[in-house]
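Observations on the three-dimensional arrangement
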Amino acid sequence: MKQPGVNLIDFAKQVESKADEIRQQLPAGYELKPYYNQSAFVGDSIHSVLKTIYEGLFLAIIVMVLFLRSWRSSLVVMLTIPVTVAFSILLCYLAGITINVMSLGAMAASVGLIIDDAIVVIEQIYREHEERPGMTASLSCAMPSVIFFPHGGFLPFDNCHPLPVPADERLAGSFFKELSDTMQLTLVASFLVTWLLLPVLHLVIGYKKQLRPKDLDVKTLEENSIRKVHFLTVVYRKPLVAAGFVLLLGLGGWYASSRLSSGFLPDLDEGTIVLDYHSPAGTDIEETDRLCRQMERIIMAHPDVETYSRRTALGMSFKTRPSNFGDYLIQLKTDRKTSTPEVISDLRREILQAVPLMTIGFGQRIADLLGDLMSTAQPVEVKIFGNDYETLQKIAAQVEKVMEAVPGIVDIDNGLIPAGASLVFTPNQERLSQFGISLTDFQEQLTAHTGGVPLCQPANMIEPNPAQAAMTGGLQIGSVQEGEQMRRILLRFTDFEDNSPEWLEQQPIFLPDGSTRPLGFFCDVRVIPGEIEQRREDLKSNITLTARLENRDLGSAIADLQTSLDAQLHLPAGYSISYGGAYSEQQQSFRELMMILSLAVLLVFAVLMFLFREWRISLTVLFISVLGICGCLLALWLTGVPLNVSSYTGIIMVVGIIAENAIFTVWQYRMNRRTGGDVSEAVDYAIALRIRPKLMTLSAPYLPDAIGTRYRPRRTDATTVGGSCHRRIYCRLALAAVSIAQYHAINL
């Protein structure tokens, strides 16, 4: 068992080395194989982050060459990215953040923002270099305009992007806290590197004396730039077109929000399956084992299963459970062609057909552990509250039928837990008194037939008491030493295999004079059928039904379930239904994220007022930023990405990204106004100057995440986590269209 603070990869290597030594000592016919190795998961995560960086470097070079036609600038950006990542790792080390799935996912997701910062700065330097070929002139004009005002003023935006996650104090915040902290440190590292190192690299590598023809003055360069974006300047001068676009985007966002699938946490393809099972109440462990062996043949017959481990009468946290309960941990092959949910569907269908007596539930390891933190591993949880437990059982049966009819809801557990049959011994006190047997002595002798009695109690007593000595005929039976511990010995007169009510009635009870009488002479033995365990929540009796989902999102499944229950179920007075599990966590997290989104909008507005000190321009930029939420919802719906905690966080970040674009455009407009010219010319030139960096940042930074998310769907690594958090890359595709409305709003 790995201890906290131990490097997982080094620990796994040491375990494997020790396993090799053990294999050499095993007898013939024995084999030692690992069934789960978490270090492989972390190794894939590290490999994924490196691959994302490589993809980002490659795409950044292509974008830089296409837009700037300069291999020197591409080389500057290429050198900046690994330096920023290395600096980020150093900051994480100083902050006490370890390399794990969430921190690696944050670095993978931040690669796009790192490239974005580098491209914005290098493009501004390159453009100033085009207009002012001198080495010091280009830097002295470019750096203040990029770093000290818009980029420096935008640093609060950069760092407020991931802030919504730790502000959530529930499971979502706990799960993503380290991801958030890593992203903030990475963005700080990116700001410092682009501020201090990138200009130096440009002077050393990227500087070239002449970037434009000698006979082309600044005025002509300005006219040529405006002419290239004439299609944009024509559009923004027509208010009806801009108003129509804003209206269309708003209606599209509203339409998409009503049809958008939703969930709680991102769906992962982990490659490990947790199969919980239990046989009918009262089933002994031998029969449960026989049923499990039938399931194991089905599990190992699947071509994508590598190995498995099984626990019976134990849970994932090594807690004791009834003998008919247990779970499997199934490891899938790394080179499989199907996803983990598809393998789960196959196994579920075959096991239900072959072993219908078993109640089963499938999940994935990480999702199962997170569910345990919430209170249940199942995403669907229906709680029925009332006073009378028999009525609750009848309602639960009706709810179970309704749940079975809802498409996509599987692995339904009715929440009724039978306690198993019980034996009740009713002693005849008059007869016991007649023969001089106390109730305490009778109970101790009865225990020797049923569960067994310790012969040394308390532990420091070596000699048995007189009653125990009488039962054993004076035979000395004490305790045995095992290592440094003393193990007490239990005395039981009857084997469990031979126990039965009839057999127990014939067992002898020792009298004080040494004679015996059968147990049935002193008491009545009755068998009581198993009763349903009664549970309470908030001091109310309740029954909780749980289920999982198959090829269905959480939001629509719960909505259909609520509609069906409202139509088909009529609750008596005093009875109610509530929904827990992942749905309850999702709704609470969404409410908190909505509050955080409002705070983020206020933060954006505060920074805008600090930068511009004008109400009208600040409100206009804020309106454009909030309008981007509609584009986000529309893009999520078109690409089939569900609205969950990760994508919701991405939407909050998009508000800051749009505000960043607007800040640069407005700042460029103001700079143009200072150099002369009317409002129309200043807006046109601002559009012409900012369209290239917008297209560059639209293309290069987010494609690596898109590739990691879209084309590696069956890998559970940092790119999956980071890509899930970075789902806003799809929303980014809508920002180019939003910028058209932004240009019109600025002119107003």
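Residues numbered from 1 in each chain as written. Predicted model: local features only at pLDDT ≥ 70, side-chain atom pairs only at ≥ 80, totals over all residues. Heavy atoms only, no water.

**Considering the pattern of salt bridges**
- Counting across every chain of the model gives 16 salt bridges.
- Of the charged contacts, one joins Asp-327 and Arg-311 as a salt bridge, the two residues approaching to 3.4 Å between their closest N and O atoms. Of this pair, Asp-327 sits in strand β3 (residues 325-332) while Arg-311 is found in strand β2 (residues 305-312), placing the two residues 16 residues apart along the sequence.
- For Asp-327, a relative accessible area of 3% gives the class buried.
- Residue Asp-346 pairs with Arg-349 through a salt bridge whose shortest N-O separation is 3.3 Å. Separated by 3 residues within a single helix, Asp-346 and Arg-349 lie in helix α12 (residues 340-354), roughly one turn from each other.
- Exposure remark for Asp-346: the relative accessible area of 23% places this residue in the partly exposed category.
- The network of salt bridges with common partners includes Asp-289, Arg-293, Glu-296 and Arg-310. (Salt bridge = Lys/Arg side-chain N within 4 Å of Asp/Glu carboxyl O. Helix = DSSP H or I, 4+ residues; strand = E, 2+ residues; numbered from the N terminus. Buried < 20%, exposed > 50% of the residue type's maximum accessible area, 1.4 Å probe, protein only.)

**Details of unusual backbone geometry**
- Of note in the backbone geometry, Asn-551 takes a positive phi value of approximately 55° without being a glycine.
- For Asn-551, the location among the structural elements is in the loop between β16 (540-549) and α20 (554-568).
- A positive phi is found at Arg-613, a non-glycine position, where the angle reads about 60°.
- Within the secondary structure, Arg-613 sits in the loop between α21 (581-612) and α22 (615-639).
- Residue classification places Arg-613 among the exposed positions, given a relative accessible area of 61%.

**Observations concerning helix α16 (residues 439-450)**
- When the terminal C-alpha atoms of α16 are compared, their 16 Å separation across 12 residues agrees well with the 16 Å that a helix rising 1.5 Å per residue should span.
- Of the residues making up α16, those classed as buried are Phe-442, Glu-444, Gln-445, Leu-446, Ala-448 and His-449.
- Looking one or two places after α16, you find Gly-452, whose phi comes out positive at around 105°. (Expected span 1.5 Å × (residues − 1).)

**Some thoughts on the packing of α21 against helix α23 (residues 645-674)**
- At a closest axis distance of 10 Å, the pairing of α21 and α23 adopts a crossing angle of 10°. Considered as vectors, α21 and α23 are oriented roughly parallel to each other. Together, Ser-589, Phe-590, Leu-593, Met-594, Ile-596, Leu-597, Ala-600, Val-601, Val-604, Leu-608, Leu-611 and Phe-612 of α21 and Val-645, Tyr-648, Thr-649, Ile-652, Val-655, Ala-659, Ile-663, Val-666 and Arg-670 of α23 make up the contact between the two elements.
- Tallied by class, the residues present in the contact of α21 with α23 amount to 18 nonpolar, 2 polar and 1 charged. (Axes fitted to C-alpha atoms, helices over the stretch in contact; angles between N-to-C directions. Parallel < 35°, antiparallel > 145°, perpendicular 65-115°, else oblique. Contact = heavy atoms within 4.5 Å. Nonpolar A, V, L, I, M, F, W, Y, C, P; charged D, E, K, R; others polar.)

**Overview of the nonpolar core**
- Residues Val-399, Met-403 and Leu-561 are the most contacted members of the largest nonpolar core, which totals 62 residues.
- Mapped onto this core, the elements with two or more residues apiece are β5 (380-386), α14 (389-405), β6 (409-413), β16, α20, α21, α22 and α23.
- Ranked by the residues each element gives to this core, the list is headed by α21, at 15 residues.
- Residues contacting Met-403, with those up to four places away along its chain left out, are Val-380, Val-382, Ile-409, Ile-412, Leu-545, Thr-546, Ala-547 and Leu-561.
- If you look at the next biggest cluster of nonpolar residues, it comprises 20 residues, including Tyr-277, Cys-292, Leu-332 and Ile-360. (Core = buried A, V, L, I, M, F, W, Y, C linked by side-chain atoms within 4.5 Å.)

**Some thoughts on the pairing of β5**
- In terms of residue burial, β5 counts as a mostly covered element, since 7 of its 7 residues are buried.
- Across the two faces of β5 the burial is the same, with Val-380, Val-382, Ile-384 and Gly-386 and Glu-381, Lys-383 and Phe-385 all buried.
- Sheet analysis places β5 next to β16, joined by 7 bridges and oriented antiparallel. The residue of β16 that forms the bridge with Glu-381 is Thr-546.
- Bridging between β5 and strand β17 (residues 576-580) involves 5 bridges; their strand directions are antiparallel. Paired with Ile-384 across the bridge in β17 is Ile-577. (Pairing = 2+ DSSP bridges.)

**Brief notes about the environment of Glu-55**
- Following the sequence through the fold, Glu-55 ends up in helix α2 (residues 38-68).
- Looking at Glu-55, the relative accessible area reads 14%, which means it is buried.
- Along the chain, Glu-55 and Val-111 lie 56 residues apart, while their C-alpha atoms are 9.8 Å from each other.

**Side note on the sheet that holds β3**
- Spatial ordering of the open sheet is given by β2-β3-β1-β4, a layout of 4 strands whose pairing is antiparallel. Each having just a single partner strand, β2 and β4 (359-364) make up the two edges of the open sheet. On average, each strand axis in the sheet is tilted by 20° relative to the strand beside it, whichever way the strands run.
- Two elements, strand β1 (residues 272-278) and β4, share 6 bridges in a ladder whose sense is antiparallel. Along β4, the bridge assignment pairs Asp-276 with Gly-361.
- Relative to the sheet, α12 contacts β1, β3 and β4, its axis offset from that of β4 by approximately 170°.

It is worth stressing that arrangement in space is one thing and function is another; only the former is reported here.
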